[in-house]
Amino acid sequence: MSRRFKLFSLFVCAALLLPLIWIALPILGWRGWGKSDAGKQQADAAKTAAQQKEEEKKKKEKPKPDFEISDLRVQPADPENPLSAAKPGHWLSATRKITANNFDFVGSMEADVFARLDTQAVPLELDRQPYLLLATRNVVLPKGREKYLDQTLFIPRSEHKPWVRDRIDTRGGAEVAMPVSQELSPMPAYQYYFVILAREPSRYKSFARKDALKGASWDGNLAYYRVNSPRVDKYVPLPSNSLAWTSTAYVLWDDVDPGLLSLEQQQAMLDWLHWGGQLIVSGPDTLTRLHNSFLDPYLPATAGKSRTLTAESLAPLVAAVQPTGPDGPPTWSKRRFVSDVPQRYLPLEPVRPWSGVELSLRPAAHWLPQGSTSLIAEAAVGRGRIVVTAFHLTQRELLNWPGFDTLLNACLLRHPPRQYVTTDDLDHDWAPQWADRNENRFDPRLTCGLRYLSRDMADDGEFAGDSGIAFAPPQQEQADDAMQPPPQFPSGSHRENFITDGELVGSGVGAWTDFGGISSAARQSLRTAAGITIPKPMFVAWMLVAYLVILGPLNWGLFNWIGRVEWAWVAAPMIAILGAVVVTKAAHLNIGFARSQTEIDVVELQPNYPRAHLTRYTALYTSLSTTYDIRFDDPHALVEPFALGGESRLRQDARTVMLHRDADVRLTDFDVSSNSTAMLHSEQMFDFGGGVSCATEGGRLKIFNRSKFTLQQAGVVWREPNGDFDAAWIGELPADSDRMLDFKPVPRGSPALPELAAASGGEMPLDHPAAAPGRQAPPAPEDDDPDSPRARSAERRAAAASVVGGSVVEIVTNRDGFKPGDMRLVGLLAEPLPGMEVTPQASQATRASVFVVANLRYAPPAPPEADVNLRPTQNAPPEPPEEPTAPPTPAPSP
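Residues numbered from 1 in each chain as written. Predicted model: local features only at pLDDT ≥ 70, side-chain atom pairs only at ≥ 80, totals over all residues. Heavy atoms only, no water.

Q: Just give me the short version of the side chain of serine 525, but keep the residues and values in it.
A: Tracing the sequence through the fold places serine 525 in helix α11 (residues 517-529). A polar side-chain atom of serine 525 sits 2.9 Å from the main-chain carbonyl oxygen of alanine 521. (Helix = DSSP H or I, 4+ residues; strand = E, 2+ residues; numbered from the N terminus. Polar contact = N/O pair within 3.5 Å; in protein donor to acceptor, adjacent residues only side chain to side chain.)

Q: Just give me the short version of the side chain of histidine 415, but keep the residues and values in it.
A: By the element assignment, histidine 415 lies in the loop between α8 (404-412) and β21 (418-422). Overall, histidine 415 belongs to the buried group, its relative accessible area being 5%. A polar contact of 3.4 Å, which involves the side chain of histidine 415, links it to the backbone oxygen of leucine 446. Non-local contacts of histidine 415, meaning those with residues more than four positions away in its chain, are made with Ala212, Tyr225, Tyr250, Asn409, Ala410, Trp434, Leu446 and Thr447. (Buried < 20%, exposed > 50% of the residue type's maximum accessible area, 1.4 Å probe, protein only. Contact = heavy atoms within 4.5 Å.)

Q: Residues and numbers for the nonpolar core, please.
A: Counting residues in hydrophobic clusters, the biggest one holds 119 residues, and the most contacted among them are Phe194, Phe207, Trp253, Met269 and Phe670. In terms of residues, this core owes the most to one element, strand β12 (residues 192-198), which gives seven residues. Leave out the neighbours within four places in its chain, and phenylalanine 207 touches Phe194, Ile196, Leu213, Leu252, Leu393, Leu399, Phe404 and Leu408. (Core = buried A, V, L, I, M, F, W, Y, C linked by side-chain atoms within 4.5 Å.)

Q: With reference to specific residues and values, describe the sheet that holds strand β18 (residues 366-368).
A: One open sheet accounts for seven strands, arranged β13-β12-β14-β15-β20-β19-β18; its pairing is mixed. One side of each edge strand has no neighbouring strand; the edge strands of this open sheet are β13 (225-228) and β18. Sheet twist, expressed as the mean angle between neighbouring strand axes with direction ignored, is 20°. Across the sheet, helix α4 (residues 263-274) touches β14 (248-254), β15 (278-281), β19 (376-381) and β20 (384-389), and the angle it forms with β14 is around 125°. Strand contacts of α8: β14, β15, β18, β19 and β20, with the helix running at about 140° to β20, the strand carrying the most contacts. (Pairing = 2+ DSSP bridges. Axes fitted to C-alpha atoms, helices over the stretch in contact; angles between N-to-C directions.)

Q: Kindly report on the packing of aromatic side chains, identifying the contributing residues and their values.
A: Applying the stated criterion across every chain yields a total of 25 aromatic pairs. Relative to phenylalanine 818, the ring of phenylalanine 725 has its centre 5.7 Å away and its plane inclined at 85°; by these criteria the two rings are edge-to-face. Of this pair, phenylalanine 725 sits in strand β33 (residues 725-733) while phenylalanine 818 sits in the loop between α16 (807-812) and β36 (823-829), and the two are 93 residues apart along the sequence. Site record: aromatic cluster; members linked through ring pairs are Phe194, Tyr204, Phe207, Tyr225, Tyr250 and Phe404. The residue whose ring lies beneath arginine 165 is phenylalanine 114, and the NZ or CZ to ring-centre distance is 4.5 Å. Just above the ring of phenylalanine 818 sits the side chain of arginine 824; from NZ or CZ to the centre is 4.4 Å. (Phe/Tyr/Trp six-rings, centres within 6.5 Å; stacked < 30°, edge-to-face > 60°. Lys NZ or Arg CZ within 6 Å of the ring centre and 35° of its normal.)

Q: Go over the sheet that holds strand β34 (residues 737-740), please, and point to the residues and values.
A: The three strands are arranged β30-β31-β34 in an open sheet whose pairing can be described as antiparallel. Two strands bound the open sheet, and with one partner strand each, they are β30 (692-697) and β34. Averaged over all pairs of adjacent strands, the angle between strand axes in this sheet comes to 25°, irrespective of strand direction. Direction of pairing for β30 relative to strand β31 (residues 700-705): antiparallel, over a ladder of six bridges. If you follow serine 693 over to β31, its bridge partner there is phenylalanine 704.

Take it as geometry only, folks, not as evidence of what the structure does.
Structure (structure tokens):
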């Protein structure tokens, strides 16, 4: 053997023996170097004591509840205000944070609204009807993970404060957690949300103290606006459904990334803007943020080069709002004094130049105020508007400047002019009031511009608003003012009819209502049209004769001819069953059971906007008691039972309907009693496939229908600036087509469209005495052929008139509802709109009445008017200096 091999063999043996020796030593009693038996025992005892202590600690700890549920937050959520506010008569979007601590959970969450009477919880029924609405949604909660659950709730009108109660159930309906209740603070009819979306919301703390937002109320809870500055981090607490934005009048946007809004929130904001919402964009950084965003096509101006703003460049704003003396004319630039109290006015002089931006005005936009040097731009967005400033609205000198409140009131909010009056004999305090309409200081139409045709239009064509009484300011003289007749304002002023409803809690404008002009007309029409078509007596007689002839002579003769007369008795029951089926089919009746469905739809469009506000009024008749389920494809659709009339009261026998909201919307458990009619009211935003607009070509107006629907029996009404009415009859306007408009003057005192249609040989859906008082309905066609085009047209016209009764179009085309410069199209759709399914289906269904109202143009806004005077500066302390903060980081260029 070689030496190398011997060494290798020794190494292998040592490697094999060492583990065996290490295992054997403890067995032979070896305890290790420096470690005695007593030391090991002490270490083991310490370890055991620690384990026992940990086990005792775990036993003392209380087990976590199965569910942790946070307070309800009404969107737009305010993290600093634990009391959520809600407007009665409005739908709202709210969130709860829920955590399942001990297990994964799949079930549902139910929510209802109730009032506390003494110690009893009494559910609030819907407006003037014996129904309760229970909102439900599916819930999936992973163990230990926080989850925010959205709810869409309706707050019924009531003289009692509303409470919201939530409960969590399993899929089988078993309750797994105690119900959680929370009180809501009811907002007055005239009060709306003013939402501030800012990257640094603390810089806007002084906004809530501005008189333009507090209004004529001396109680902070009854101010014109609730200023909410929600924290915007990874999530923006805004509703995803535009029909839940009706409590919000203004949004101020300051340097927030638009990408934080979900696609549904972005669409909801655009819908809200087109129906009257107002957006204020602060400063140059925000314009950079909004470049190429969903709001970019609607902005009135684009950002150009950076610029610095000094006292000289801000001088036009100062001249615009500063009163110049008691002899000055009451114009925008020179206002008169109305008080003998000495007043000092401070100039707007920045300590250091402000950072600003050059605004490049877009078409159809304009500068505010008149004569300003490109500092504030405004543009209409449908019925709403967007206003942009070239400077930051949080400049300390601007907030402390006495004229800022006038600038905020007149230009940014677009309110009427005010005047300050003293509230006591010693001139210790001053308060603003409207300069020419103080009787209407709590009119909601002056604080919110949101309008929906089917909700807010009254019988006279005017956009009305429910002023409310239950939560109005407590002073007796203010309540008395609310009941005064409509004041007469001078020509050129903002004339408004002040409408009150002493039976309801006020909800203001934009509220869900079953008693507006359109809804009342639809209710009356449905009452006339709904029901079963009973067969005529001659039909019954002929059916009976045919049955007896088949059962007797024909049956007996046939089998007698073949020599099998006894078979006639076998065939008799079969003939009876077959006859019953034939009669049932011919009469549109089910065997012993009959159902009928009648629907009236009203579609409202804004200029050149592809989405429409769709309102459906549906009547369901049944001869036997039936429970209906109604499903909508749109997950944001809203639906309730439609009030038939009656009074509002708390009833113990009210029936509960379930509103399920998930990928779709379903209303279940809608019971209709035998031989009775029940009605439904639903609304949604509907994709119309394109907008309807008008433009000038060659000196004439041309209308464009870019939607996917054909409009029939259409006409356009326009009110000239001098107040005269013109109308153009179109007739049929196919999808994706255009047509020149031939306007003709309408005689004063005559309904616009019916008179023009008759003169043009057109077919109005309302050739009906109600549509044109004093005018006879057109004669029947002379053609005796019932299949002729004229006969079919007359039949279709008569059917529409019998269902609608002329009321809807009469309201929409009422000349009292038009402002000089407004232009509106009215027509019918040839086919019913999809998206709603009623189960069980009715054997008789009438869905021919789909009215389209397209707003083509709105009157140009009047020039803003400055306040008559300003608050005396000696009684208006300046805003406290802000903490020094680092300048905001400019957003990167897109």
